Amino acid sequence: PRSVRARAREIERTMQHLEHRLGRAPSDDEVAQAMGITVEEYRTALSDIGRSSVVALDELWNLSSGDGDTVSLLDTLEDPNAEDPDAALRVADRQSILRSEIERLPERERTVLELYYFEELTLREIGEVLGVTESRVSQLHTKAILRLKAKLQGSLERASLERNR
């Protein structure tokens, strides 16, 4: 009922005020006295509120940090579509290792990968840039990919071992 929700807000405001003033959580006696009701009436109100327990998901709650920060209940619910932090870390590790291994490739192989994947040139266009045939570009591309696969496999295994320590 509306009266129970109003009483809940009144108790919440009173508790916040007393906690701020006292620097600690107020006792039942202190809250009841501040509200001008008996401890028995206060406890009855808490029981009524506990049975109703309807909360608006967008209602703002003050954080106990005391610096005025607020959060809505909706913001505290788990997002099932959110990215898993462990998975994000693994992806970041792989990307870092991949960048490092690409930088270690021989210059021509690295150039082929950069032109193909980042500049989106065709094998024929890359051949024109490098002054070689399309077939040679394909060979360089294959060689670079195989070299990266071998290096990445070892690097990822080492990273996994380090992370699990």
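One can find the structure itself at the top, above this paragraph.
These notes cover the structure that comes with them.

### Observations concerning the overall build of the protein chain
Within the protein chain, the regular secondary structure consists of eight helices and two strands. Going residue by residue from the N terminus, the α and β elements of the protein chain occur as α-α-α-β-β-α-α-α-α-α. Buried positions account for 19% of the 165 residues belonging to the protein chain. Surface accessibility of the protein chain: about 12200 Å² in total, with carbon and sulfur atoms responsible for 50%.

### Structural notes on the nonpolar core
Residues Ile11, Leu18, Val31, Ala32, Met35, Ile37, Tyr42 and Ala45 constitute the largest nonpolar core, which totals eight residues. For this core, the secondary structure elements donating two or more residues are α1 (2–22), α2 (28–35) and α3 (39–52). Sort the elements by how many residues they give to this core and α2 lands first, with three residues. Setting aside residues no more than four positions away along its own chain, Ile11 makes contact with Met35, Tyr42, Ala45, Leu46 and Ile49.

### Concerning the packing of aromatic side chains
Each aromatic ring pair is described using two quantities: the centre-to-centre distance and the angle formed by the ring planes. Counting across every chain of the model gives one aromatic pair. Ring plane angle 85° and centroid distance 4.8 Å describe the contact between Tyr116 and Tyr117, whose orientation is recorded as edge-to-face.

### A look at the side chain of Glu101
With respect to the element layout, Glu101 can be found in helix α5 (residues 85–103). Overall, Glu101 belongs to the buried group, its relative accessible area being 6%. Within polar-contact distance, the side chain of Glu101 engages the side chain of Arg104 at 3.1 Å. Among all residues touching Glu101, those that are not within four sequence positions of it are Leu148, Lys151, Leu152 and Ser155.

The rules behind the values
Residues numbered from 1 in each chain as written. Predicted model: local features only at pLDDT ≥ 70, side-chain atom pairs only at ≥ 80, totals over all residues. Heavy atoms only, no water. Helix = DSSP H or I, 4+ residues; strand = E, 2+ residues; numbered from the N terminus. Buried < 20%, exposed > 50% of the residue type's maximum accessible area, 1.4 Å probe, protein only. Areas by Shrake-Rupley, 256 points an atom, 1.4 Å probe, with all protein chains shown as cover. Core = buried A, V, L, I, M, F, W, Y, C linked by side-chain atoms within 4.5 Å. Contact = heavy atoms within 4.5 Å. Phe/Tyr/Trp six-rings, centres within 6.5 Å; stacked < 30°, edge-to-face > 60°. Polar contact = N/O pair within 3.5 Å; in protein donor to acceptor, adjacent residues only side chain to side chain.

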